[in-house]
Amino acid sequence: MSSPQHMSAPPRGGSARRHDPNRRQRLIEVALDVIAEHGVAATTHRKVAQAADVPLGSMTYHFKGLDDLLAAAFTKLADDTADGFEAALAGAESPDEAREAVVGLITGELLGERRNILLTYELYALAARRPDLRRVTDTWMARSRAALERHFDPATTVMLDALIEGLSIHRALALNPMSAETVRDAVNRIVTPQ
């Protein structure tokens, strides 16, 4: 009779197989980690499978190819960011709170966390070369603007959307990032009639 230790040991050459009904979603999340660490150019099915500790065949089972995986991963990034954007603005109950929510989006972790910055830039670069991925960025921008339009008129919304994008990039890349007070002043100059 085998000892309990022997029975629970994984098969030779790999980890024990497990029931994983959410494997596709997990592969998408791991793909984002791989992209953040290595960039799109160095992301492969093999790297993602290895990082997720799944057989390489899982990749071809769940995705038509690398383009399909990248589209799914970047769609998740865009959806998660848009969800955070909507949540930040949904909590605003006054014009002042809406302005502060915009300042918080520019200066906070949602757009400023290093992993998100790297992933966003990878998406932008890929979408600039691949028009089919512009659907992802276009949907993301539409959701962002819809969240802003709950608090601001359409013209102000377009300006704020561009300001959020631009100032987030500047703050991420600057050696001495713009202060929250300067960001607040920029938001107020757009929102407050002169």
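Let us look at the structure shown here. (Residues numbered from 1 in each chain as written. Predicted model: local features only at pLDDT ≥ 70, side-chain atom pairs only at ≥ 80, totals over all residues. Heavy atoms only, no water.)

A few words on the packing of helix α2 (residues 23-38) against helix α5 (residues 66-90). How two helices pack is summed up by the angle between their axes together with the distance between the axes. Running from amino to carboxyl end, α2 crosses α5 at an angle of 85 degrees, the nearest separation of the two axes being 9 Å. Between α2 and α5, the angle is such that the two are roughly perpendicular. Along the contact surface, α2 presents Arg24, Gln25, Leu27, Ile28, Glu29, Ala31, Leu32 and Ile35, while α5 presents Asp68, Leu69, Leu70, Ala72, Ala73, Phe74, Lys76 and Leu77. (Axes fitted to C-alpha atoms, helices over the stretch in contact; angles between N-to-C directions. Helix = DSSP H or I, 4+ residues; strand = E, 2+ residues; numbered from the N terminus. Parallel < 35°, antiparallel > 145°, perpendicular 65-115°, else oblique. Contact = heavy atoms within 4.5 Å.)

Should their charged atoms come close, side chains of opposite charge can pair. Evaluation of the coordinates by the stated rule reveals 12 salt bridges. The partner of arginine 143 in a salt bridge is aspartate 83, with the nearest N and O atoms 2.4 Å apart. Placement of arginine 143 in helix α9 (residues 134-149) and of aspartate 83 in helix α5 is noted, with a sequence separation of 60 residues between them. What makes aspartate 83 partly exposed here is its relative accessible area of 40%. With a shortest N-O distance of 2.8 Å, glutamate 86 and arginine 143 are connected by a salt bridge. Of this pair, glutamate 86 sits in helix α5 while arginine 143 sits in helix α9; the two residues are 57 residues apart in sequence, bridging distant segments of the chain. What makes glutamate 86 partly exposed here is its relative accessible area of 22%. When salt bridges with common partners are traced through the structure, they connect Asp79, Asp83, Glu86 and Arg143 into a single cluster. (Salt bridge = Lys/Arg side-chain N within 4 Å of Asp/Glu carboxyl O. Buried < 20%, exposed > 50% of the residue type's maximum accessible area, 1.4 Å probe, protein only.)

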